[in-house]
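Here is what each chain is made of, one letter per residue.
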Amino acid sequence: MRYVSTRDVTGAPGKRFSDILLEGLSADGGLYLPETYPQVSAEQLDAWRTLLAEEGYAALAFEIVSLYIDDIPAEDLRGIVQRAYEPSKFLDPAVVPVTQLSDGLWLAHLSNGPSVAFKDMAMQLLGELFAYELARRGETITIVGATSGDTGSSAMYALQGKPGVKVFMLSPAGRMTPFQQAQMFSIDDPAIVNIAVEGVFDDCQDIVKAINADADFKAKHRIGAVNSINWARLLAQVVYYFAAYLQMVPSVPEPGAPDEGGPRPVEGRISFAVPSGNFGNIAAGHIARQMGLPIHRLILATNENNVLEEFFRTGVYRVRGGAETLATSSPSMDISKASNFERFVFDLLGRDAARVRELFEDRLGTDGEFDLSGTDEFRGQVERFGFVSGTSTHQDRLEQIRRVHEADGVIIDPHTADGVKVALDSGVEGPIVVLETALPVKFAETIVEAIGVTPPRPERFDGIEDLPRHVVQVPNSAHAVRAIIDES
Ligand SMILES: *Cc1c(COP(=O)(O)O)cnc(C)c1O
């Protein structure tokens, strides 16, 4: 399998997985995608259903990931995937269990990993792949990242103790939830450096950009990234769409075969509702659907920051600036420029890199928006790609958290509540799986506001707020951050 950039107009031969793994963003500014999506047959799905039931999530993940990675020996790759999805790291050994609510919706639980947010599903694999590839090359890497909460702790838990990896994680001082701060700042490891910037998340991201734009500094420290534009993160996320489907849709028995009984909840296609920010999670659903997984609709849910919802409703993609980005009660979705969206547009436009380049460089560069509403591609999108969208408000999220708690005794986090609200309003027929993207303990304040109850806390986080904090506070300046990296 080779990989091409969404902006490559030269027709140059594609790259290998291990090269794009460490490269992240393509030098032409585009994002990498595989040259083709491997197709999965009904027989294959049947075999994988048995594999998942008998050997677990890691075994399924290996099968899917190995369709896309052919430059790591199979036995090595099997070890990488098994370490990433070792059941004991997850609160439930099923890794991604699926449950049903009394309103008919299903929940796929993606937040049982080390940092209790769905980003662990990708970051755990990325950490193992980085460690493997760096050792193979005898190289080191310095990760400089920005986080508003979930990415930082997920990356730290995944990269902690990995030889050859150093992490500098920037976060806006005083702006994460107390639990998120405790998760990150309690890590006591000289290779993990927390930098609290006196500013907002956008300031942190600007500093990361400035550091990456400094070619000498970047080369000197071998600076790399773990943000969601990395193809390996998307690839890891494709797996749980299959895992959820295989748990919900049992195989059709051979005609005349005795019915074994057992749960048989759903027949045919299912839909997914996905709380979205950078379009990473739902882009993985798009890829699973392109591989032939029987997905009916991909229901994109946003909060008040509705750039993506607006695109799927109108065909106009209009990015917004920091000043226009609202701080909401589902903060991991407070994004107004979805870094993975270009991948979908590439497929939507028949993989026409010249058109993608013109939209994302010229149109966004000069107008801050582009409009596909008049095109056949956009008009045929629901039939071909299955995207529908919706949005929620703070009141909607409180209401859903309350309703689900009263009906089922289950507490959902505010991001998952976005997904639940939009799924219920979508009018989509047939079973809908809402992807649960974080545990409520990360957003206790909103849960208390909704139901007056403090969300339960997994035992392993007991007392993390009382541990010594490892963090340096700096002014909002790239210079100050550079100095810290230089001195470490
Ligand atoms: C990152 C995140 C999202 C958004 O996912 P994208 O891949 O950026 O669309 C939603 N919910 C939670 C809890 C997250 O951490």
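Shown above is the structure to which this text applies.
Per-chain numbering applies: the sequence of each chain, read as written, is numbered from 1 onward. Per-residue local features of the predicted model are confined to residues with pLDDT of at least 70, and side-chain atom pairs are confined, for both listing and counting, to 80 or more; whole-chain, interface and lining totals are unaffected and use all residues. Hydrogens are left out, water is left out, and the side-chain values use all remaining heavy atoms of the structure.

### Some details on the site of the ligand
Taken together, 15 residues surround the ligand, and among them Lys119, Asp150, Gly277, Asn278 and Asn281 come closest. At 2.6 Å, a side-chain N or O of Asp150 approaches an oxygen atom of the ligand. Between an oxygen atom of the ligand and a main-chain N or O atom of Phe279, the distance comes to 3.1 Å. When the free accessible area of the ligand is taken as 390 Å², the share hidden by the protein chains comes to 97%. Of the residues that constitute the shell around the ligand, the class distribution is five nonpolar, eight polar and two charged. Near residues are defined by distance, with any heavy atom within 4 Å of the molecule or strand qualifying the residue. Polar contact is the term for a pair of N or O atoms within 3.5 Å; when the atoms are in protein, one must be able to donate a hydrogen and the other to accept it, and sequence-neighboring residues count only if both atoms are side-chain atoms. Computed with a 1.4 Å probe, the accessible areas rest on the Shrake-Rupley method; for each residue, only the protein chains presented here act as cover. Each residue is assigned to one class: nonpolar for Ala, Val, Leu, Ile, Met, Phe, Trp, Tyr, Cys and Pro, charged for Asp, Glu, Lys and Arg, and polar for all the others, Gly among them.

### Structural notes on the sheet that holds strand β6 (residues 165-172)
Between any two strands, pairing holds if DSSP finds at least two bridges. Each helix is a run of DSSP H or I of at least 4 residues and each strand a run of E of at least 2, with the numbering of both proceeding from the N terminus. Pairing is parallel in the open sheet, where five strands are placed in the order β8-β5-β6-β7-β15. One side of each edge strand has no neighbouring strand; the edge strands of this open sheet are β8 (223-224) and β15 (472-474). Where strand β5 (residues 141-146) lies against β6, six bridges are found, and the strand directions are parallel. Residue pairing for β6: Val144 is matched across the bridge by Phe168. The contact rule is simple, with two residues in contact once any of their heavy atoms fall within 4.5 Å. Note on geometry: axes are C-alpha line fits, over the in-contact stretch for helices, and angles between N-to-C directions span 0 to 180 degrees. Of the strands in this sheet, β5, β6 and β7 (192-197) are in contact with helix α6 (residues 150-159), which crosses β6 at around 165 degrees.

### A few points about helix α2 (residues 42-55)
Taking 1.5 Å of rise per residue, 14 residues should cover 20 Å, and α2 covers 20 Å from first to last C-alpha, within 8% of that figure. Restricting attention to buried positions, one finds in α2 the residues Leu45, Trp48, Arg49, Leu51 and Leu52. Buried positions along α2 lie against α3 (57-65) and α10 (231-248). Phi turns positive, to about 95 degrees, at Gly56, one or two residues after α2. Under the convention used throughout, the expected extent of a helix is 1.5 Å for every residue step, that is, one less than its residue count. With a 1.4 Å probe rolled over the protein chains alone, any residue whose accessible area is under 20% of its type maximum counts as buried; one over 50% counts as exposed, and the rest are partly exposed.

### So, empty space enclosed by the protein
Both cavities and pockets are sets of points on a 1 Å grid over the protein atoms alone; in a cavity a 1.4 Å probe fits but cannot get out, in a pocket the set is open with protein on both sides within 12 Å along at least five of seven lines, and lining residues sit with an atom within 4 Å of a point. Grid points are joined across faces, edges and corners, and a volume is the space filled by probe spheres set on the points. One pass over the structure, following the stated rule, counts one cavity of 30 Å³ or more. In this structure, the largest cavity encloses a volume near 40 Å³. Lining the largest cavity are Ser276, Gly277, Thr302, Asn305, Val307, Leu308, Met333, Ile335, Ser336, Lys337 and Ala338. Of the residues belonging to the lining of the largest cavity, the class tally is five nonpolar, five polar and one charged.

### Some details on the sheet that holds strand β9 (residues 270-275)
On the basis of which strands lie adjacent, the open sheet formed by six strands has the order β3-β4-β14-β9-β10-β13 and mixed pairing. The strands lining the two open edges of the sheet, one partner per strand, are β3 (98-100) and β13 (387-391). If you compare each strand with its neighbour and ignore which way they point, the axes differ by 25 degrees on average. Relative to β13, strand β10 (residues 295-302) runs parallel, the two being bridged by five bridges. Residue pairing in the sheet places Ala301 in a bridge with Gly390 of β13. Across the sheet, α10 lies against β3, β4 (106-109), β9, β10 and β14 (432-436), angled at about 140 degrees from β9, the strand it touches most. In this fold helix α18 (residues 414-425) packs onto β4, β9, β10, β13 and β14, with an angle of close to 165 degrees to the strand it touches most, β14.

### Remarks on the pattern of salt bridges
The term salt bridge refers to a pairing of a side-chain nitrogen on Lys or Arg with a carboxyl oxygen on Asp or Glu at a separation within 4 Å. Tallying each qualifying case throughout the model produces 29 salt bridges. The closest approach of N and O atoms between Glu23 and Lys15, which form a salt bridge, is 3.0 Å. On the basis of relative accessible area, Lys15 is assigned to the partly exposed category, the value being 33%. A salt bridge links Arg351 to Asp347, with the shortest nitrogen-to-oxygen separation between them at 2.8 Å. Exposure remark for Asp347: the relative accessible area of 7% places this residue in the buried category. One salt-bridge network, in which partners are shared between bridges, spans Arg7, Glu342, Arg357 and Glu361.

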